[in-house]
Amino acid sequence: MGHPEPRPGGTESENHPWHIRLVEHPKRFESAHFRAAKETAQKILHAMDDSDLPYGPRPVDPQEGPRSSEHWEMHHGGSLWVKGSGSWRMYRARVGIEWSMQFCADPEKVDRLRQEAAELVDAFPLTLPALADLGYERAEELLRTPIEDADGVEAWTDSLFNACVPLSRGNHQGILPNVPGEHHYPWPVKSADFVRYDDFQLWVTLPDGTHGAVTPVDRRGSGDGHVRLAFVPEGSAAAPTIAEAQDRGLMAVLPANSDVARQAFAEQVAPGGQIAPAPLSGHATRHARPTSG
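Keep in mind that what you see is a predicted model, and the values were worked out from it rather than measured. (Residues numbered from 1 in each chain as written. Predicted model: local features only at pLDDT ≥ 70, side-chain atom pairs only at ≥ 80, totals over all residues. Heavy atoms only, no water.)

A. Quick look at the side chain of His-75. Relative to the helices and strands, His-75 is located in strand E1 (residues 73–75). Only 3.1 Å separates the side chain of His-75 from the side chain of Glu-182, close enough to count as a polar contact. (Helix = DSSP H or I, 4+ residues; strand = E, 2+ residues; numbered from the N terminus. Polar contact = N/O pair within 3.5 Å; in protein donor to acceptor, adjacent residues only side chain to side chain.)

B. Region of the structure containing the pattern of salt bridges. The full count for this structure, using the stated rule, is 14 salt bridges. In this structure, Arg-92 and Glu-182 form a salt bridge, with 2.7 Å as the shortest nitrogen-oxygen distance. On the criterion of sequence distance, the pair formed by Arg-92 in strand E3 (residues 88–92) and Glu-182 in the loop between helix H6 (169–173) and helix H7 (187–190) is long-range, its members being 90 residues apart. One salt bridge in this structure joins Asp-193 and Arg-196, with 3.0 Å as the shortest N-O distance. Taking relative accessible area as the criterion, Asp-193 reaches 17% and is therefore assigned buried. The structure contains a network of salt bridges with shared partners spanning Arg-94, Arg-112 and Glu-116. (Salt bridge = Lys/Arg side-chain N within 4 Å of Asp/Glu carboxyl O. Buried < 20%, exposed > 50% of the residue type's maximum accessible area, 1.4 Å probe, protein only.)

C. Representation of the pairing of E3 within the structure. Strand direction decides the pairing type here: strand E2 (residues 79–83) and E3, joined by 5 bridges, are antiparallel. Bridge pairing in E3 places Trp-81 opposite Met-90. (Pairing = 2+ DSSP bridges.)

D. Inspection of the pairing of strand E7 (residues 227–231) at higher detail. Relative to E7, strand E6 (residues 211–216) is paired through 4 bridges, and the arrangement is antiparallel. The residue bridging Thr-215 from the neighbouring strand is Arg-228, located in E7. Where E7 meets strand E8 (residues 253–254), 2 bridges bridge the pair, whose relative direction is antiparallel. Of the residues in E8, the one forming a bridge with Arg-228 is Val-253.

E. Representation of the sheet that holds strand E5 (residues 203–205) within the structure. Strand order in the open sheet formed by 4 strands is E5-E6-E7-E8, and the pairing between neighbours is antiparallel. Across the chains shown, the open sheet's two edge strands, defined by having one partner strand only, are E5 and E8.

F. Representation of the packing of aromatic side chains in the model. Enumeration over the complete set of coordinates arrives at 10 aromatic pairs. Both rings, one in Tyr-91 and one in Phe-124, keep their centres 6.0 Å apart while their planes meet at 40°; by these two values the pair is tilted. With a gap of 33 residues between them, Tyr-91 in strand E3 and Phe-124 in the loop between helix H2 (107–122) and helix H3 (127–133) connect regions that are remote in the sequence. Taking relative accessible area as the criterion, Tyr-91 reaches 37% and is therefore assigned partly exposed. (Phe/Tyr/Trp six-rings, centres within 6.5 Å; stacked < 30°, edge-to-face > 60°.)

G. Helix H8 (residues 239–248), seen in detail. The complete set of buried residues in H8 reads Ala-239, Ile-242 and Ala-245. Mapping the buried residues of H8 onto a view down its axis gives an arc of 125°, with all of them on the same face. Exposed residues on H8 whose side chains face more than 90 degrees from its buried face are Pro-240, Asp-247 and Arg-248. Buried residues belonging to H8 abut E7. One or two positions beyond H8, positive phi appears at Gly-249, with a value near 70°. (Arc of directions from axis to C-beta. Contact = heavy atoms within 4.5 Å.)

H. View of the environment of Phe-34. Looking at where Phe-34 falls in the secondary structure, it is placed in helix H1 (residues 32–47). The sequence separation of Phe-34 and Ser-159 amounts to 125 residues, and the corresponding C-alpha distance is 5.9 Å. With residues near it in sequence (within four places) discarded, Phe-34 still touches Met-74, His-76, Asp-158 and Ala-163.

I. How the structure looks around the confidence of the model for the chain. Overall, the predicted model of the chain reaches an average pLDDT of 85, with 79% of residues at or above 70. When the criterion is pLDDT under 50, residues 66–70 qualifies, and its contacts beyond four places in sequence or with other chains add up to 15 contacts. Every residue in residues 286–293 scores below 50 in pLDDT, and together they form 12 contacts with partners more than four places removed in sequence or on other chains. (pLDDT = per-residue confidence, 0-100.)

Shown next as structure tokens:
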């Protein structure tokens with residue numbers, strides 16, 4: 001027995017326009033915690049070789065030369081700085097706490113981050129003495145003091161162990177089509193900017209004019225020029241396709257002769273050369289179903 005046809009019930013609408021007010025950023029009353037953390041991070045960065053920088057290249061101040069680190073922007077992204085036998089290293093915490101997120105942060109959950117950071121730092125016994133030498137004498141207190149209230153959350157949020165991921169302005173806050181910043185693009189995709197081949201174009205312009213990210217479907221040298229759509233903005237015409245692919249455990253793939261694939265591989269193809277529209281590789285087909293990354 002079929003379902004009866006729905007009977008018309010009239011229409012309803014709402015006439016409550018919404019507004020977003022653009023106001024000046026609250027004065028972040030740059031806390032003493034953050035000032036101390038930034039000063040220490042600047043000293044660490046200045047002492048590091050370029051090859052050891054976590055998210056190079058080093059910003060260059062024309063007046064101070066290539067050793068300047070004045071134009072790093074410090075991102076509250078979970079910056080776990082440790083001193084190894086050869087150089088400083090920065091690891092990322094399980095999560096970072098953005099400055100404004102501290103106001104919804106549960107002290108008990110933040111204290112777990114403190115405990116995890118302390119365990120990592122304890123594995124690098126040179127760290128605390130080196131930080132003390134740089135003048136960051138509060139490091140041990142931060143790592144050993146349980147976080148139980150908003151003051152503790154604030155101290156941790158603005159500490160060297162959370163607030164000092166050094167990024168260029170573009171990698172921090174940028175928006176395509178210029179530079180994609182961590183604040184505006186998902187980290188699992190944005191992070192590829194720091195490991196991809198220089199001649200692969202991760203960020204592309206889609207046919208509707210929006211900007212997205214693509215990845216190859218097989219390893220370098222395979223000859224397969226298909227690309228997988230890894231990210232599109234919510235308003236993109238491709239967004240429903242991405243969502244359906246995720247729901248079905250599939251990949252959203254563009255052919256090798258598409259404009260998007262040509263953008264992605266443009267620097268790998270000789271001038272005047274073509275990307276052969278080869279069939280989707282067996283390797284890609286075998287790995288098409290996982291949806292978690």
